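Chain residues, written in single-letter form:
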Amino acid sequence: MPTDLLPFEQHLLRAWPAEHWRQRHLLLAVSGGADSVALLRAMHRLWQFTPGSGRLIVAHFNHALRGAASDADQQFVQSLAAELDLPCEVGTRDPSATFDTAGNGLEAAARQLRYQFMRATAEQLAARYLVTAHTADDQAETVLHHVIRGSGLAGLGGIRRVRTLGAVVSLVRPLLGVRRQQVLDYLAQLNQPHCHDLTNNDRELTRNRIRHDLLPRLAADFSPGVVDSLLRLGTLAAEAQSVIDGLVTGLVERHVRFEMEPRDVPQREFANRVWIDCGPLASQPRYLIRELLVAIWKRQAWPRQSMGFEQWESLAGMVIDRAAAPSARDFPGAVTAQQIGERLSLARRL
């Protein structure tokens, strides 16, 4: 490891060794905030010490939600990329266009739009990895948020370090082992400014109340190591979920059929119907059935935010307690479930 690297850069290099990326194109998602600016500066330094055949590319998405402040963030990122002699790709939402929340809320809709841009840009530029700057503090906040919302085991696993976005692009979060204070210390060492999104101080948002109020209170009054405890919980939950995911994948392959309807079907009411063979699933643990249903929702990209435990439990009953369950029911996101013979049909209304 080069001796001239700063501790933050050394940590990043240990977490994501150069042999994994120096021959690849990397697309760095940079909002202009402290975390993403630290990631950009550190990766730029590592790139200089460990050159390869790949390229480092900056990407920024302007949600156009904060007027001049959003434009200032974009200009900051573009200027920083130019200062580092790096290309910068920018996506901008039409300010006159409304978000399609589809039952998922504004924050989720904005995130979806951002990732659509990032993935499309990565594919266009042949970038193997999309790199984001989520930190250990983000992970702890996510786990605690999911606890409050009553999430299942998958939610307790928090943010995944690596996630496949498509056939050729993977999302990587190499700073998940880094605390936010380490980020700020690193930027101070570099005398590097960054942007601050004032909406991060809005106590109307649950995530901000967790960050600014709940976690500090838990650390002060109950356990100074609460963040480490949440990180450990997330790790254990993710390990358990990986075992469950393998079991669910097998059940989906054997007992679920995805029906892709032709685009030219006239006057169709439903899209991409899913058929579940219920008989073979009747003896499976109820938890696995609920997880199977979640996997179907994910694959179909159906909105899940309004699907709580009661909805998943009711739907599971339509699979394994068919006599006691209703023969048909509508679920959030315009999804209809209907018992047809020994199968359960799931489809989303257009």
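**Student:** How would you summarise the overall build of the chain if you had to cite specific residues and measurements?
**Tutor:** What the chain contains, in helices and strands, is 11 helices and 11 strands. In summary, the chain has a C-alpha radius of gyration of 23 Å against a globular reference of 20 Å for 350 residues, a match within 12%. For the chain, with 350 residues in total, the buried portion stands at 45%. Pairs at least 24 residues apart make up 66% of the contacts formed inside the chain by residues separated by at least 6 positions. Surface accessibility of the chain: about 17900 Å² in total, with carbon and sulfur atoms responsible for 51%. For the chain, the distance from the average position of its 40 positive side-chain charges to the average position of its 37 negative side-chain charges is 3 Å.

**Student:** So what about the pairing of strand 2 (residues 56–62)? Which residues, and what values?
**Tutor:** Taken across its 7 residues, strand 2 has 7 buried, putting it largely inside the fold. What you see with strand 2 is no split at all: Leu56, Val58, His60 and Asn62 on one side and Ile57, Ala59 and Phe61 on the other are buried throughout. The β-α-β motif built from strand 1 (residues 26–29), the intervening helix 2 (residues 34–49) and the parallel element strand 2 has right-handed crossover chirality. Where strand 2 meets strand 3 (residues 88–92), 5 bridges bridge the pair, whose relative direction is parallel. Residue pairing for strand 3: asparagine 62 is matched across the bridge by threonine 92. At this point the chain moves from strand 2, through helix 3 (residues 68–83), to the parallel strand 3, and the crossover so formed is right-handed.

**Student:** I'd like to hear about the packing of aromatic side chains, residue by residue, with values.
**Tutor:** The tally for this structure, following the rule as stated, stands at 7 aromatic pairs. Ring geometry for phenylalanine 8 versus tyrosine 186: centroids 4.4 Å apart, planes at 15°, classification stacked. Of the two residues, phenylalanine 8 is situated in helix 1 (residues 7–15) and tyrosine 186 in helix 7 (residues 180–190); the sequence distance between them amounts to 178 residues. The pair formed by phenylalanine 8 and tyrosine 186 is uniform in burial state, with each residue classed as buried.

**Student:** Run through the sheet that holds strand 4 (residues 129–131), naming residues and quoting values.
**Tutor:** One open sheet accounts for 6 strands, arranged 3-2-1-4-6-5; its pairing is mixed. The open sheet has two edge strands with one neighbour each: strand 3 and strand 5 (162–164). For this sheet, the mean angle separating the axes of adjacent strands, direction not counted, is 25°. Summarising the sheet, strand 4 and strand 6 (residues 170–172) pair through 3 bridges and their orientation is parallel. If you follow tyrosine 129 over to strand 6, its bridge partner there is serine 170. Lying on the sheet, helix 2 is in contact with strand 1, strand 2 and strand 4; it crosses strand 1 at an angle near 155°.

**Student:** Lay out the pairing of strand 11 (residues 343–349) in plain terms, naming residues and giving numbers.
**Tutor:** As judged from the 6 bridges shared by strand 10 (residues 335–340) and strand 11, these two strands associate in the antiparallel manner. Residue threonine 336 lies in a different strand from strand 11, and its bridge partner there is alanine 347.

**Student:** I'd like a rundown of the pattern of salt bridges, residues and numbers included.
**Tutor:** Applying the stated rule across the entire model yields 18 salt bridges. Among the ionic pairs, glutamate 9 bridges to arginine 45, the shortest N-O distance being 3.0 Å. On the criterion of sequence distance, the pair formed by glutamate 9 in helix 1 and arginine 45 in helix 2 is long-range, its members being 36 residues apart. What makes glutamate 9 buried here is its relative accessible area of 0%. The residue glutamate 310 makes a salt bridge to arginine 329 at a minimum N-O spacing of 3.4 Å.

**Student:** Tell me about the nonpolar core, residues and numbers included.
**Tutor:** Core analysis: the largest hydrophobic core is formed by 35 residues, its most contacted members being Phe8, Trp16, Trp21, Leu26, Leu40 and Met43. Broken down by secondary-structure element, the contributors of at least two residues to this core are helix 1, strand 1, helix 2, strand 2, helix 3, strand 4 and helix 7. The element best represented in this core is helix 2, accounting for 9 residues. If you look at the next biggest cluster of nonpolar residues, it comprises 31 residues, including Val256, Leu315, Ala325 and Leu346.

About the cut-offs
- Residues numbered from 1 in each chain as written.
- Predicted model: local features only at pLDDT ≥ 70, side-chain atom pairs only at ≥ 80, totals over all residues.
- Heavy atoms only, no water.
- Helix = DSSP H or I, 4+ residues; strand = E, 2+ residues; numbered from the N terminus.
- Rg over C-alpha atoms; globule rule 2.2 N^0.38 Å.
- Buried < 20%, exposed > 50% of the residue type's maximum accessible area, 1.4 Å probe, protein only.
- Contact = heavy atoms within 4.5 Å.
- Areas by Shrake-Rupley, 256 points an atom, 1.4 Å probe, with all protein chains shown as cover.
- Lys, Arg positive; Asp, Glu negative; His and termini not counted.
- Charge placed at Lys NZ, Arg CZ, Asp CG, Glu CD.
- Right-handed = clockwise from strand over helix to strand, strands pointing away.
- Pairing = 2+ DSSP bridges.
- Phe/Tyr/Trp six-rings, centres within 6.5 Å; stacked < 30°, edge-to-face > 60°.
- Axes fitted to C-alpha atoms, helices over the stretch in contact; angles between N-to-C directions.
- Salt bridge = Lys/Arg side-chain N within 4 Å of Asp/Glu carboxyl O.
- Core = buried A, V, L, I, M, F, W, Y, C linked by side-chain atoms within 4.5 Å.

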